[in-house]
Each structure stands twice: as structure tokens, then as C-alpha cells.
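These are the residues of each chain, in order.
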Amino acid sequence: MATKVKTYTANLGKTLRETNKCKGRLLYYFPPKETPAPEEKGQVAEDGWIGWHNDSGFMTGLTPDMFVDDTDGSVMENPDPEGAGLWIVDRDSSAVRVRVPPDCMAIQVGECTQVVTGGEFVATPHCVRGVRPQFVPAGRKVARVACPCFVDTHPTFKLRIPEGFSADEMLAKGVSSKVPPLAERWEPGQSFGDFLGATFRRYYDWALGKSGPAAKKARTA
């Protein structure tokens, strides 16, 4: 990034390598319930296992999907490979199913990395969908296990865009109607900790259907 953006100063390679703010979360997704509406028989909510969101931090390491029988914990193949699992919004604003090979790890960019690189890296909206009922093996309840690893900076780290970059252009990248706009939560020079607080509050209101604050007029740090 330093060779591509001459005014880049975040030095995330060193900063994240030395950080003590690294956490793994072992997540268990319980078997989804079938949608009761007759016209939607056999479907699950588009984002029933985890709602649409951007990772708000810097980098997230993603392990491959693991599907298990909720009754006895036995591992099984994904019974709904075209539907269940991680979905993202691509550059054309289409929802795309992501498959991480079993011997690989995926790296997901968070919104803070988008800010400090001036939008050279862009946070990707994503969600997790459950197994559709018609694909569930008879007599089994399918759950999902994942262990994302979140690598972030100290909460006092300042989120500044590189000098000479436009905050408006950075904020306009990766915009999706599925997640609260970054412009409603970030402001130049804001600390990582304050940004997280603003983001959590906005997502809470978003989930309740409340309108957000007017987008702040972007300005460079």
C-alpha cells in the first residue's frame, strides 16, 4: 500500500502484527426455522443466520464453513451448497455465494482499512444464510460452525484518510443499501474506539428500522 499510495501512513503491516487486539470467536449457528408464510414455503430469510453488515474493524480471517448435526454434533457436508453459508455483495451490487476451500483461509477487509487506505481497499457487505428446508436431510437438524479471527488496532488509533485523498470518494466506495452508510458513522480523525461505538449504535437503530442521522458532510482530516 505504501508503494501505491504515497501519503499512506497507517503502516497496518507493522501495526496489526504488533497489536494485542486480536480475537477469535467460535460461532454456532442454530438450525434455522422455516418461514411460515405459505407463499414462501421452503425458504429461509435471506440473511437469517447473520444479517447484512460490514466488518467495522481492520482485517478478519475467515475459516471454511463447517456444518454439523445439531442433535449429536456429527460433521456433515453442506446439504445446500448453493444457498447456505457466506454471501457477499460484489462490485456489481449482486449477492454472491462465497466458498472457502477446506484447506484455505479468507481475509475480509473492514471499514477502518477502507478509511486509512483512502478507499483502495473496500469493505464488503456480507451475511450468512441458513439451509433451506427442502435440502435438510430427513430427521436431521443442520447447524453451522465458524471461527472468524478479528485483527484490529488499539481503540485510540486515529482513523485518517491519506493526505490528498477525497473523503467523499472514499465514502462512496462499496456503498450498499443493505448496510448503514459509512458516512453516517465515520468522521475525520475519529478514534477506532469512538467509531465502533457510533457503528454499534447505528446498526441497532438500523435493525429497528429507525432513520439515521443526516450523512455528515465529508471533509479531509
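- As recorded in an unreviewed UniProt entry, the protein goes by the name Isopenicillin N synthase-like Fe(2+) 2OG dioxygenase domain-containing protein, listed as coming from Cladocopium goreaui.

## Quick notes on the nonpolar core
1) Next: In terms of nonpolar packing, the biggest core is built from 22 residues, with Phe58, Leu159 and Trp186 touching the most fellow members.
2) Next: Counting only elements with at least two residues in this core, the list comes to helix 1 (12-17), helix 2 (111-116), helix 3 (167-172) and helix 4 (192-207).
3) Next: Once residues within four sequence positions are removed from consideration, Leu159 is found in contact with Phe58, Cys112, Val115, Val116, Trp186, Glu187, Pro188, Gly189, Gln190, Ser191, Phe192 and Phe195.
4) Next: By size, the runner-up hydrophobic cluster in this structure holds 14 residues, among which are Leu62, Ala84, Val100 and Val128.

## Details of the side chain of Ser56
1) Next: Tracing the backbone through its elements, the reader meets Ser56 in the loop between strand 3 (50-53) and strand 4 (59-62).
2) Next: For Ser56, a relative accessible area of 13% gives the class buried.
3) Next: In contact with Ser56, not counting residues within four places along its chain, are Glu111, Cys112, Phe192, Phe195, Leu196 and Thr199.

## Topic: empty space enclosed by the protein
1) Next: In this structure the tally under the stated criterion is two cavities of 30 Å³ or more.
2) Next: Its volume calculated, the largest cavity comes out at about 90 Å³.
3) Next: Lining the largest cavity are 15 residues, and of these Asn54, Lys173, Gly174, Val175 and Leu182 lie nearest its centre.
4) Next: Within the lining of the largest cavity, the residues separate by chemical class into eight nonpolar, four polar and three charged.

## Points about the environment of Cys147
1) Next: Mapping Cys147 onto the fold places it in the loop between strand 11 (142-146) and strand 12 (149-152).
2) Next: Since its relative accessible area comes to 32%, Cys147 is described here as partly exposed.
3) Next: Distance in space between the C-alpha atoms of Cys147 and Glu18 is 21 Å, their sequence separation being 129 residues.
4) Next: Residue contacts for Cys147: discarding those within four places in its chain leaves Arg25, Leu26, Gly61 and Thr63.

## Observations regarding the environment of Ala172
1) Next: For Ala172, the location among the structural elements is in helix 3.
2) Next: Residue Ala172 is classed as exposed on the basis of its relative accessible area, which comes to 52%.
3) Next: Expressed as a C-alpha distance, the spacing of Ala172 and Lys141, which sit 31 residues apart in the sequence, is 41 Å.

## Quick notes on the pattern of salt bridges
1) Next: In total, this model carries 11 salt bridges according to the counting rule given.
2) Next: Across the pair Lys4 and Glu120 runs a salt bridge, and its minimum N-O distance is 3.3 Å. Note that Lys4 is positioned in the segment before helix 1 and Glu120 in the loop between helix 2 and strand 10 (126-129), a separation of 116 residues in sequence.
3) Next: Owing to a relative accessible area of 60%, Lys4 belongs among the exposed residues under this scheme.
4) Next: Its relative accessible area of 29% is what places Glu120 among the partly exposed residues.

## What to know about the layout of surface pockets
1) Next: Considering only enclosed or pocket space, the largest pocket measures out at about 980 Å³ in volume.
2) Next: Considering the residues around the largest pocket, the lining is formed by 44 residues, among which Leu27, Tyr29, Ile50, Leu62 and Pro148 are closest to the centre.
3) Next: Considering each element in turn, the lining of the largest pocket owes the most residues, five residues, to helix 4.
4) Next: Along the lines of polarity and charge, the residues of the lining of the largest pocket split into 24 nonpolar, 10 polar and 10 charged.

Thresholds, definitions, all that
Residues numbered from 1 in each chain as written. Predicted model: local features only at pLDDT ≥ 70, side-chain atom pairs only at ≥ 80, totals over all residues. Heavy atoms only, no water. Core = buried A, V, L, I, M, F, W, Y, C linked by side-chain atoms within 4.5 Å. Buried < 20%, exposed > 50% of the residue type's maximum accessible area, 1.4 Å probe, protein only. Helix = DSSP H or I, 4+ residues; strand = E, 2+ residues; numbered from the N terminus. Contact = heavy atoms within 4.5 Å. 1 Å grid on protein atoms, 1.4 Å probe; cavity = no way out; pocket = protein on both sides within 12 Å on 5 of 7 lines; lining within 4 Å. Points joined across faces, edges and corners; volume = space filled by probe spheres on them. Nonpolar A, V, L, I, M, F, W, Y, C, P; charged D, E, K, R; others polar. Salt bridge = Lys/Arg side-chain N within 4 Å of Asp/Glu carboxyl O.

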